[in-house]
Amino acid sequence: DALGPYLDRVVIVGGWAHRLFRNHPLAQALPYAPLMTRDTDVALPSGIAVDKENLRERLLSRGFHEEFLGDDRPPVTHYQLGDIDAGFYVEFLTPLVGSEFKRDETRKVTTTIAGVTAQKLRHLDVLLIAPWSVPLTSGASAGQLPASIIIANPVSYIAQKLLVSGKRKPSERAKDVLYIHDTLELFAGSLPDLRRLWSDAVRPALGSHAEAKVRRTAGRLFAGVTDTVREAAMMAAGRSLSPTGLREACHVGVTKILG
């Protein structure tokens, strides 16, 4: 509701995109709940059109409040709904183009878009390639929620996680591996469709350098059972997912998509 008229211009990425994958017709039913996250990551194209009421105004008028972090200008901002322990928050992200440093050697990691502070991230543009539209879960009263929402497609989702893997902390890298595994399992019956999505849309937009990095990282991450793979399997609580099984599923699934 807060995003309102901007829903056709923004893309849900991160953990909530992964959760919403289950609403897509190509997804198959799984016997476990999706991984949960308290934050919703919303990707903003840099040239987004702004309505009379900007995003910040819409959020604040609907009960969100701002939490400022760090010393950047503008500061990294969480748009919080509810209290810190029980609520959730929104982060806005936008692609980082060019150097992440200004001429005075300070980092230019944030910017203001449509009234909100967005963090600039390398490779975020991958998540804006050929996004999917998925229906929201049924059960809401008519008129409360839009019929559909735009999310990153699963091939871009996996490719972006592989591209940023080297910059992630060990625990974050392990969680990303589990996200990749669960995404592949969710679409295991539709891998030919994901292969076409890769070859027709994602790979051409990536370029040869980024494509090579995706392949190298996938080869390194899933070549054997590593500490990262073991930690990822441990994060799948109650699912009897072995490190070997996780590694093999990721290796086979990514290979079938990338070719």
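The preceding data block contains the structure.
In this numbering scheme, every chain counts its residues from 1 along its sequence in written order. Selection of residues for local features in this predicted model requires a pLDDT of at least 70, selection of side-chain atom pairs for listing and counting requires 80 or more, and totals for whole chains, interfaces and linings are taken over all residues. Excluding hydrogens and water, the side-chain figures rest on all heavy atoms present in the structure.

1. Here's the deal with the pairing of strand E2 (residues 39–43)
Thinking step 1. Burial here depends on accessible area, computed with a 1.4 Å probe over protein chains only, as a share of the maximum for the residue type. Under 20% is buried, over 50% is exposed, and the range in between is partly exposed. Strands are runs of DSSP state E lasting at least 2 residues, helices are runs of H or I lasting at least 4, and numbering of each runs from the N terminus. Among the 5 residues of E2, 5 are classified as buried, and the element is accordingly described as predominantly covered.
Thinking step 2. DSSP-based pairing: two strands are paired if at least 2 bridges between them are found. Examined bridge by bridge, strand E1 (residues 11–13) and E2 share 3 bridges and lie antiparallel to one another. For Val11, the partnering residue across the bridge sits in E2 and is Ala43.

2. A look at empty space enclosed by the protein
Thinking step 1. Residues are said to line a cavity or pocket when one of their atoms sits within 4 Å of a point; the points come from a 1 Å grid over protein atoms alone, cavities being sets where a 1.4 Å probe fits but cannot get out and pockets being open sets with protein on both sides within 12 Å along at least five of seven lines. Grid points are joined across faces, edges and corners, and a volume is the space filled by probe spheres set on the points. Per the counting criterion, the structure on display carries 1 cavity of 30 Å³ or more.
Thinking step 2. One number sums up the size of the largest cavity: a volume of about 50 Å³.
Thinking step 3. Along its surface, the largest cavity is lined by Val155, Ile158, Ala159, Leu162, Trp198, Val214, Val254, Ile257 and Leu258.
Thinking step 4. Element by element, the count of residues in the lining of the largest cavity is highest for helix H3 (residues 154–164), at 4 residues.
Thinking step 5. Lys, Arg, Asp and Glu make up the charged group, whereas Ala, Val, Leu, Ile, Met, Phe, Trp, Tyr, Cys and Pro make up the nonpolar group; the residues left over, Gly among them, are polar. For the lining of the largest cavity, the residue count by class is 9 nonpolar, no polar and no charged.

3. As for the environment of Val97
Thinking step 1. Among the secondary structure elements, Val97 is positioned in the loop between strand E5 (88–95) and strand E6 (110–113).
Thinking step 2. On the basis of relative accessible area, Val97 is assigned to the exposed category, the value being 71%.
Thinking step 3. As a C-alpha pair, Val97 and Leu124 span 27 residues in sequence and 9.8 Å in three-dimensional space.

4. Side note on the environment of Ser171
Thinking step 1. As for its position among the elements, Ser171 is in helix H4 (residues 170–186).
Thinking step 2. Between the alpha carbons of Ser171 and Leu124 there is a distance of 20 Å; along the sequence they are 47 residues apart.
Thinking step 3. Contact definition: two residues touch when any of their heavy atoms are within 4.5 Å. Once residues within four sequence positions are removed from consideration, Ser171 is found in contact with Glu231 and Met235.

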